[in-house]
Every structure is written in structure tokens, then in C-alpha cells.
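These are the residues of each chain, in order.
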Amino acid sequence: MKPLAGYRAHYSGTQPNHLHPTYVSSIKRAPTQPLVHIPYTLTEVTGPSFGPELTSRAACDLTRQHKAEPLGERIVVSGRVLDENSRPLPNTLVEIWQANAAGRYRHEWDQHDAPLDPNFTGCGQAITDSEGRYHFVTIRPGEYPWRNHYNAWRPAHIHFSLFGPSFATRLVTQMFFPGDPLLPYDPIFNCTADEKARNRLISVFDWETTMPMHALGYKFDIILRGRDATPMEDE
Amino acid sequence: MSLCATTSQTVGPFFKIGLLWLSRNRLVEEGVTGERVTVRGRVIDGDGVPVPDAILEVWQANSHGKYAHPEDTQDKPLEGGFQGYGRIPVNAEGAFCFSTIKPGTVPGPDGKEQAPHLAITLFMRGLLRHLWTRMYFPNDSRNAADPILKLVPADRRSTLVATNAPNEPGAVEWNVILQGKNETVFFELGL
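Residues numbered from 1 in each chain as written. Chains lettered and ligands numbered in written order. Predicted model: local features only at pLDDT ≥ 70, side-chain atom pairs only at ≥ 80, totals over all residues.

**Re the overall build of chain B**
Helix and strand content of chain B: one helix and twelve strands. Across chain B, helices and strands are ordered from the amino to the carboxyl terminus as α-β-β-β-β-β-β-β-β-β-β-β-β. Taking 191 residues into account, the globule formula puts the C-alpha radius of gyration at 16 Å, and chain B, at 17 Å, falls close to it. Dimensions of chain B, computed from C-alpha atoms along their principal axes, come out at roughly 55 × 45 × 35 Å. Within chain B, buried positions represent 47% of all 191 residues. Here the analysis covers contacts within chain B between residues at least 6 apart in sequence; of these, 71% occur between residues at least 24 apart. (Helix = DSSP H or I, 4+ residues; strand = E, 2+ residues; numbered from the N terminus. Rg over C-alpha atoms; globule rule 2.2 N^0.38 Å. Buried ≥ 20, exposed ≤ 12 C-beta atoms within 10 Å, placed from the backbone. Contact = placed C-beta atoms within 7 Å.)

Put into C-alpha cells, the structure is as follows:
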């Protein structure tokens, strides 16, 4: 085997700590012992790949998964998946899930007193194209209350899950909307110390992908970890 | 140009909507070579209470010690019917179970072989970044020389090694303890 190139370390403050006490659920679930640093081996720089046969056209249009159209404001959410070296990442599985327009998830544990929409599941998948692009049509999700603290409300958001080229590039994140007045109060959005990194989770309104007479476009580019420029030599 | 990796956020409590379509607790199909093993365990939080809303992902080599990935250039066979990927949600009691094969050895950072192991990532409400760990196999003499286990303080290594399940041949037990006594070792990638 040739020496392996590892991945670059994260820039300071651009990723959340595990323990973030204002996000109450982290208190009993975040590790208390220091993480053990390990080198990149073949285990970490490989990972599962998923072909286009895994998804369908319907999977990336969340407004056409049922007999009728869901309620709410149609939107287009699209962007590119790149690595930290600005290289597009093709053939990457992008999974999304979200609440409906009223702020209710189709999940047995969601007891929020808001209506379910029989025409909206809130789940989609896409595989990035040769330029790393993905594209979803969906409904703008509603804000909803949660029990983290008094009068807590989550800003509107869409959950994103990505694999990238290896197990080391695995990422789960959330996309937010520009101008959302709830963002300054949300402990999950604010768990990342670096303000610029945090604000990159906010999508950008986009004329180019806005569909005339049909749907506003929002752009959300996602950056996965990039390889070190040179392979690590055996010491 | 150098970009900055997107910041991680929690999967939240409702990830089943988005992630269960790809759940896979049987990693191996008929005809694939290797020793069959069932892995059972629970995810336990800092109050000692089972976590009912966690999801694990598994990545592993096949029985020859070969990953189904272009970066693995070893001259070892790949096998159809075995990708090496699993996605396993816990049940309401915080328990998970999956069936696979014991992987072969793969090269380590110093050119020495690593003991057979599964790479495990763990996602749940409350985790702003997913956790990264490994499971090793019981009674495997190669564990003692494993270059990754050697980086773990000796008194915590046992948290990464499964035990034989009582009265169930071919099954092992491995629990994920998030906090406290016997807290599972979690990794940060990169030295």
C-alpha cells in the first residue's frame, strides 16, 4: 500500500463541541472523557458508495410523492457538494428530512399541536451529478416549539445527511433560511463558536434557480473535509 | 482555493423520517465467505438510561481484509453481496442488533496489520457532532498488537472489545456507554 493522505484538521471553532449546555440534550449524551486521536488508516479513508439506482426522480421532489400537492410554499433547494480543496464531489448521496409547512414532522414522537399533511412525508434523497450538484423541490418547513427552555422555538430548517468519498467525510447538518428571526435564539444553530462558519448554514436566496410562477430558489453549498495535500510518510 | 468544512449539526429526534429508508442490519448476503457474527448491544446515556433514539452506522472490510472502495489497492478479492456498510437504528429500549461477518486484517499506519474491527459512527439527538468509535472482537490475540488500541489508555481498551454473548453461539455483545464509569472510547480522526 502507498502511504495514505489524511484529512485536514478542522479550523478552530468551526465545528461544535460535543457538550453545549444550552442545548440541554447534550448534557447527558456528550462524552466526558477526552477523545482519543487516531491516525487515518485504510478504515477511515474508505467508505460506502451509493449509485444513482438508489434514488428516483420522485425522491428529490418532495411535492410529488403523494396523490395531491402538499400545503405550503414550494421552494427549490439546490447547491454543490465540494471538498475543502474546492473539488466538486460527484456521486455523493444527499439525504434530507424536514417538518411540513405547519412545523410538524411525520413522526410518532412529534406531539406538536399542528396538522399533519397527508400529502407530505418530508423525506428526500439525491445523488450529486458530475459537478457535485444536487437539487430538491420541497415545501418551506414551518418553525415549531420544543422543550429545551422556556418558549423555545426552532428556526425553520432542513436536515441534511451526506457521505462523501469516505467514512471520514460523513456529515450531518442543518440548513436554515435567510432572515429567520429565531436564529439568534437557537442553541443548536449557535453551538458553533465561529460566526462565519455558523452563518454558512444559512441558505441564500437565488434568482437563478427560482422557477417563474412556481417556486423560490435557495442555494446551499456543502463543504466536506478535504485531503491533506501530501501523503503522510511513514516515520 | 481553500474552503472550510460545513459545520455539523445534530440529527435531532426525528431522523427516522430521513434515514430509515436505507437502514440495513443485515450486512451480508448468502454465499459471502467469512465467519458469521451477530452483534448485539445497547446505547446508554449519562443517567444510565437506554437511549431510544440513536442510530449507528458500520463500515468494515470483508473476510479477506479488503474494503469495497477504490482507495483500497490491496491485491485481495472483493465479493459481490458484501459492501461492508450497515445503518442500524436502536429500538425503544435502546438496543441494536446486526448480522455481519468478522472482517480480515487490514494495514495499519505503521505497515503492521490492524486487528479485525468495525468502524462505528453514532448519531442521536443531543450529539452536535457524530461520535466515532470501533468495535473489536473477543478472544482475538491480534488485539494486543493493534496500533489503534495501543493509542487508547490501557484501562479503557476493554470498552472497544465485544464479549461473547452468553448462551448464543456466534453472537457478541458490545454496548455504547456515553458517559461515566466504563465510558466508551470515542475518537478524533487525525493525530
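**Some words on the overall build of chain A**
Looking only at helices and strands, chain A features two helices and twelve strands. Along chain A, helices (α) and strands (β) appear in the sequence β-α-β-β-β-β-β-β-β-β-α-β-β-β when read from the amino end. For 235 residues, the compact-globule formula gives about 18 Å, and the C-alpha radius of gyration of chain A, at 19 Å, lands near that figure. Counting only residues that meet the buried cut, chain A has 43% of its 235 residues in that class. Taking all contacts inside chain A whose residues are at least 6 apart in sequence as the whole, residues at least 24 apart take part in 72%.

**Quick word on the sheet that holds strand β3 (residues 85–89) of chain B**
Sheet strands associate in pairs through backbone hydrogen bonding, adopting either a parallel or an antiparallel arrangement. All names here are of chain B. Taken together, four strands build an open sheet; the order of strands is β3-β2-β7-β8 and the sheet is antiparallel. Strands with a single pairing partner mark the edges of an open sheet, and in this sheet they are β3 and β8 (131–136). Pairs of neighbouring strands in the sheet enclose a mean axial angle of 25 degrees, with direction left out of account. Of the strand pairs in this sheet, strand β2 (residues 54–59) and β3 are connected by five bridges, and their pairing is antiparallel. Following the sheet pairing, V58 is matched in β3 by G86. (Pairing = 2+ DSSP bridges. Axes fitted to C-alpha atoms, helices over the stretch in contact; angles between N-to-C directions.)

**Regarding the nonpolar core**
One finds L162 of chain A together with A54 and F123 of chain B to be the most contacted residues of the largest nonpolar core, which totals 104 residues. Tallying contributions element by element places strand β7 (residues 117–124) of chain B first for this core, with six residues. The contact partners of A54 of chain B, leaving out residues within four places of it in the chain, are V43, V90, L122, F123 and M124 of chain B. (Core = buried A, V, L, I, M, F, W, Y, C linked by C-beta atoms within 7 Å.)

**Focus on the interface of chain B and chain A**
Counting from both sides, the interface comprises 63 residues of chain B and, opposite them, 68 residues of chain A. Counting residues per element, the ones that place at least two in the side of chain B that touches chain A are α1 (16–19), β5 (106–107), β7 and β12 (187–189) of chain B. The class makeup of the residues in the side of chain B that touches chain A is 32 nonpolar, 21 polar and ten charged. In the sheet, strand β1 (residues 36–38) of chain A pairs with β12 of chain B via three bridges, with the strands oriented parallel. Looking at β12 of chain B, one finds that H37 of chain A is bridged to E188 of chain B. (Nonpolar A, V, L, I, M, F, W, Y, C, P; charged D, E, K, R; others polar.)

**Re the sheet that holds strand β3 (residues 93–97) of chain A**
Residue and element names in this part refer to chain A. Read from one edge of the open sheet, four strands run β4-β3-β8-β9, paired in antiparallel fashion. Each edge of the sheet is formed by a strand with only one pairing partner; in this case those strands are β4 (123–127) and β9 (171–176). Taken pair by pair, the neighbouring strands of this sheet meet at an average axis angle of 20 degrees, ignoring direction.

**Structural notes on the environment of L82 of chain A**
Here L82 of chain A lies in strand β2 (residues 74–83). Under the C-beta neighbour-count criterion, L82 of chain A is labelled buried, with 22 such atoms within 10 Å.

**What about the pairing of β7 of chain B?**
Residue and element names in this part refer to chain B. Along β7, seven of the eight residues are buried, which leaves the element largely enclosed by surrounding structure. With six bridges joining them, β2 and β7 adopt antiparallel strand pairing. Across the sheet, L56 pairs through a bridge with L122, a residue of β7. Across six bridges, β7 lies against β8 in antiparallel orientation. Directly across from L118, in β8, lies its bridge partner M135. What sits between β7 and β8 in their antiparallel hairpin is a turn of six residues, with G126 showing a positive phi close to 95 degrees.

**What about the confidence of the model for chain B?**
Where the model shows low pLDDT, its predicted coordinates should not be examined in detail. Summary statistics for chain B give a mean pLDDT of 97 and a share of 99% for residues scoring 70 or more. Quick note on the complex model: pTM equals 0.97, ipTM equals 0.97. (pLDDT = per-residue confidence, 0-100.)

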